[in-house]
Amino acid sequence: MSTTDTAIASAEAHSAHNYHPLPVVVATADGAWMTDVEGRRYLDMLAGYSALNFGHGNRRLIDAAKAQLERVTLTSRAFHHDRFAEFCTRLAELCGMEMVLPMNTGAEAVETAVKTARKWGYRVKGVPDGMAKIIVAAGNFHGRTTTIVSFSTDQEARADFGPYTPGFEIVPYGDLTALAEAMTENTVAVLIEPIQGEAGVLVPPPGYLAGVREMTRERNVLFIADEVQSGLGRTGRTFACEHEGVVPDMYVLGKALGGGVVPVSAVVSSAAVLGVHRPGEHGSTFGGNPLACAVALEVIAMLRTGEFQQRAAELGDHLHHELGLLAGGGAVEAVRGRGLWAGVDIAPALGTGREISEKLMDRGVLVKDTHGSTIRIAPPLVISKEDLDWGLDQLRGVLAG
Ligand code: PMP
């Protein structure tokens, strides 16, 4: 057995089979490239589902982490530490908001947003206790906790995990009429992804986000934008909401906030909204820990230069131009996305998304399939144009058979 096969067999024997990874065992990585245990090199066109926006082994992030490792790594929130205020201040500034509630994973931050919206509904809006409704969109992906899968429309993610958490209404994504009809007196929030990532990089129709903003503002309902995957540079702007000139009431952030070095997530909002929490009502041992804050501060500093957003916009134009040419040819049925982020629907006759991904892997490119024959392309924003073009050549090769 090869080193790769041995490692995979051992992983399968000793870990739950809750994922179906491509058969590659990564040993090291640098920039947009990963090297496996047998020395083969792969171009990373997934970037940890957008967690690695700043590339593997990013020097600034590694140095910040190393320096913080030598100082203090964890205090818990029982005590203050000297990176916390700076992290919250800088992150709130980046979002144009006032307060931060830090957590660790995307799902935890979404849970935090849900709990915050409910508490706000009961304490500020005056919704009777137990009656709060949150409107979400079909095709959503917000994480894997019991409450979050309660409002998933993906049967694989949801089946057999009941009983489910009540209090959510699902409406079609991109449909303002359906949203208006779902709005009731007890509605406290609308929770949506400004671009649906896991659904296949679905960009809503123009005017949708602005419509959600207007409708929620008029009805005193919180607009929660889950930018865990779309945010922090990926689409060519800091936030995907910016493409429609929209500022939500609450950002949910994760993934790239920790640069692929540490898990960091956060809910960012106004003092009026996050101010509803009182000591002891919500939290996490690791949320806002010194190591997480040190790395995230470096992420925020990099985003403040605007370089990564600009790179994502420029290379993204190139990516979408090239993919657009493929879309004319029969092998590709549709291409969606913004910036360095694309969902590509391959003609089903050419294989499932999984089969296409495996063929790309054999040619040295790593991507992720979603459902059906769709693959997602989301390389680190530091990828060179040459490497991106090489990756696209491999895709063309696979499509040509
Ligand atoms: N929200 C969105 C939009 C996501 O794409 C994801 C992860 N794919 C999550 C939340 C959950 O993040 P995590 O896996 O860190 O819990």
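What counts, and at which threshold
Residues numbered from 1 in each chain as written. Predicted model: local features only at pLDDT ≥ 70, side-chain atom pairs only at ≥ 80, totals over all residues. UniProt positions renumbered as here; feature names shortened; annotations may be inferred. Domains from an automatic or database assignment. Contact = placed C-beta atoms within 7 Å. Pairing = 2+ DSSP bridges. Helix = DSSP H or I, 4+ residues; strand = E, 2+ residues; numbered from the N terminus. Axes fitted to C-alpha atoms, helices over the stretch in contact; angles between N-to-C directions.

By the naming in an unreviewed UniProt entry, the protein goes by ornithine aminotransferase and is assigned to Streptomyces silvae. Word for word, the UniProt comment on the protein under Pathway (unreviewed entry) is "Amino-acid biosynthesis; L-proline biosynthesis; L-glutamate 5-semialdehyde from L-ornithine: step 1/1." Regarding the protein, the UniProt comment filed under Cofactor (unreviewed entry) reads as follows: "pyridoxal 5'-phosphate".

Caption draft 1: Structural view of the domain arrangement of the protein. Entries for the protein in the domain assignment read domain 1 (59-304) and domain 2 (306-348). Using C-alpha coordinates to define each centre, domain 1 is positioned 26 Å away from domain 2. Taken together, the contacts link 15 residues of domain 1 with 13 residues of domain 2.

Caption draft 2: Geometry of the sheet that holds strand β15 (residues 374-377). Strand order in the open sheet formed by four strands is β11-β12-β15-β14, with antiparallel pairing between adjacent strands. The sheet terminates laterally at β11 (332-337) and β14 (368-369), the two strands that pair on one side only. With four bridges connecting them, strand β12 (residues 342-346) and β15 associate as antiparallel partners. Bridged to alanine 342 within β15 is isoleucine 377. The sheet contacts of helix α12 (residues 307-327) involve β11 and β12, and relative to β11 the element is tilted by about 160 degrees.

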